[in-house]
Amino acid sequence: MKGALLYEGKAKKVYSMLGEEYQLILEYKDDATAFNGKKHRIFPGKGQLNNKISAHIFEYLHDQGIPSHFIQQLSATEQLVHQTHIIPIEVVVRNVATGSLTKRLGITDGRSFENPLVELYYKKDELNDPLINDDHAKLLTGIQEKELSFLKEQALLVNEQLHALFKKMDITLVDFKLEFGRLHDRTIVLSDEISPDTCRLWEKGTNRKMDKDVFRQDTGDLLEVYEAIWQRLKEDIHV
Ligand SMILES: Nc1ncnc2c1ncn2[C@@H]1O[C@H](COP(=O)(O)OP(=O)(O)O)[C@@H](O)[C@H]1O
Ligand SMILES: [Mg+2]
């Protein structure tokens, strides 16, 4: 049974699970935010879409041998997860250049990388989630060298699996952000969400954006593209 509200983030509410000390309920909200919360709008139905998209992706990854915090979907907007202590590092994998990378390094938008790039960002809203290197990550979070290597390896494995999944849906996985956390026994597992809020997805052929960039850039109907992602994803029979 759902317990107390422990934390409210920009996209999800976190509740305790009564009788299960090390489990949580994540409730996906209808809010869309961008530019570190400066742009905000409510899209009725977004929470349900991201809940089922994220649940489907975690199940898929589980079937491909990649563990995560995900236990099961509980309702239209809720999922049950293992509680983790989130490591405040956002791990980003990029297959195609776009967004901040093109601005920071002058790389042409749309350039594909033969080898995916892995980047680390410090998850801290007050600092605008700055790009950091391994030394900063160790200093700021106390993470060990071998744990950092594990995070990057897992992120690249997730990339391989998601790239293959979206390819079948005629979608290019441009980039995505992952969060990891420590379980009660300190084991590190993939946590948080994987959804069009946290991935960039471009339709093959048209390069139509099918992710949160339609909200960031006001170029389309967020609910329509998230629904289209769900329709394609649910056709996937992956085992
Ligand atoms: N398994 C988990 N255990 C504990 N916290 C989690 C878990 N998965 C995700 N979280 C955290 O839940 C919070 C709410 O998510 P979200 O609304 O996306 O937050 P944010 O505003 O930081 O993006 C975030 O701090 C996220 O890191
Ligand atoms: Mg978030």
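As a reminder, the structure under discussion sits directly above these lines.
The sections below set out a description of the structure shown in this document. What you see is a predicted model; the values in this text were computed from it and never measured.

**Quick word on the overall build of the protein**
Helix and strand counts for the protein come out as 6 helices and 14 strands. In terms of C-alpha radius of gyration, the protein reaches 17 Å, essentially the compact-globule figure of 18 Å for 239 residues. Considering only C-alpha atoms, the protein reaches an extent of 50 × 40 × 40 Å along its principal axes. In the protein, which comprises 239 residues, the proportion classed as buried is 49%. A total of about 11700 Å² of accessible surface is found on the protein, and carbon and sulfur atoms cover 51% of it. When the 32 basic and 38 acidic side-chain charges of the protein are each reduced to a single mean position, those positions are 4 Å apart.

**Thoughts on the nonpolar core**
Within soluble globular proteins, side chains that are nonpolar generally end up buried alongside one another. Counting residues in each nonpolar core, the largest one holds 48 residues, and the members touching the most others are L61, V158, L162, L190 and I194. Looking at which domains feed residues into this core, each of domain 1 (2-82) and domain 2 (87-222) supplies at least three. Beyond its immediate chain neighbours, meaning those up to four positions away, L190 contacts F58, L61, I66, P67, S68, H69, V158, L178, E179 and F180. Within the second largest apolar cluster, 5 residues are counted, among which are V14, L24, L26 and V81.

**What to know about the pattern of salt bridges**
The full count for this structure, using the stated rule, is 24 salt bridges. Between R94 and E119 there is a salt bridge, with its nearest N and O atoms 2.9 Å apart. Of the two residues, R94 sits in strand β9 (residues 89-96) while E119 sits in strand β10 (residues 112-122), which places them 25 residues apart along the sequence. Accessibility expressed as a relative area gives 3% for R94, which makes it buried. We note a salt bridge from E145 to K138, for which the minimum N-O separation is 2.6 Å. Judged by relative accessible area, which is 24%, K138 ranks as partly exposed. Taken together, the shared-partner salt bridges connect R94, R104, E119, D175, R200, D213 and R216 into one network.

**Digging into helix α3 (residues 134-141)**
For α3, the N-terminal cap is N133; the gap from its side-chain oxygen to the backbone nitrogen of D135 is 3.0 Å. Just beyond α3, the residue with positive phi is G142, at close to 75°.

Thresholds, definitions, all that
- Residues numbered from 1 in each chain as written.
- Chains lettered and ligands numbered in written order.
- Predicted model: local features only at pLDDT ≥ 70, side-chain atom pairs only at ≥ 80, totals over all residues.
- Heavy atoms only, no water.
- Helix = DSSP H or I, 4+ residues; strand = E, 2+ residues; numbered from the N terminus.
- Rg over C-alpha atoms; globule rule 2.2 N^0.38 Å.
- Buried < 20%, exposed > 50% of the residue type's maximum accessible area, 1.4 Å probe, protein only.
- Areas by Shrake-Rupley, 256 points an atom, 1.4 Å probe, with all protein chains shown as cover.
- Lys, Arg positive; Asp, Glu negative; His and termini not counted.
- Charge placed at Lys NZ, Arg CZ, Asp CG, Glu CD.
- Core = buried A, V, L, I, M, F, W, Y, C linked by side-chain atoms within 4.5 Å.
- Domains from an automatic or database assignment.
- Contact = heavy atoms within 4.5 Å.
- Salt bridge = Lys/Arg side-chain N within 4 Å of Asp/Glu carboxyl O.
- Polar contact = N/O pair within 3.5 Å; in protein donor to acceptor, adjacent residues only side chain to side chain.

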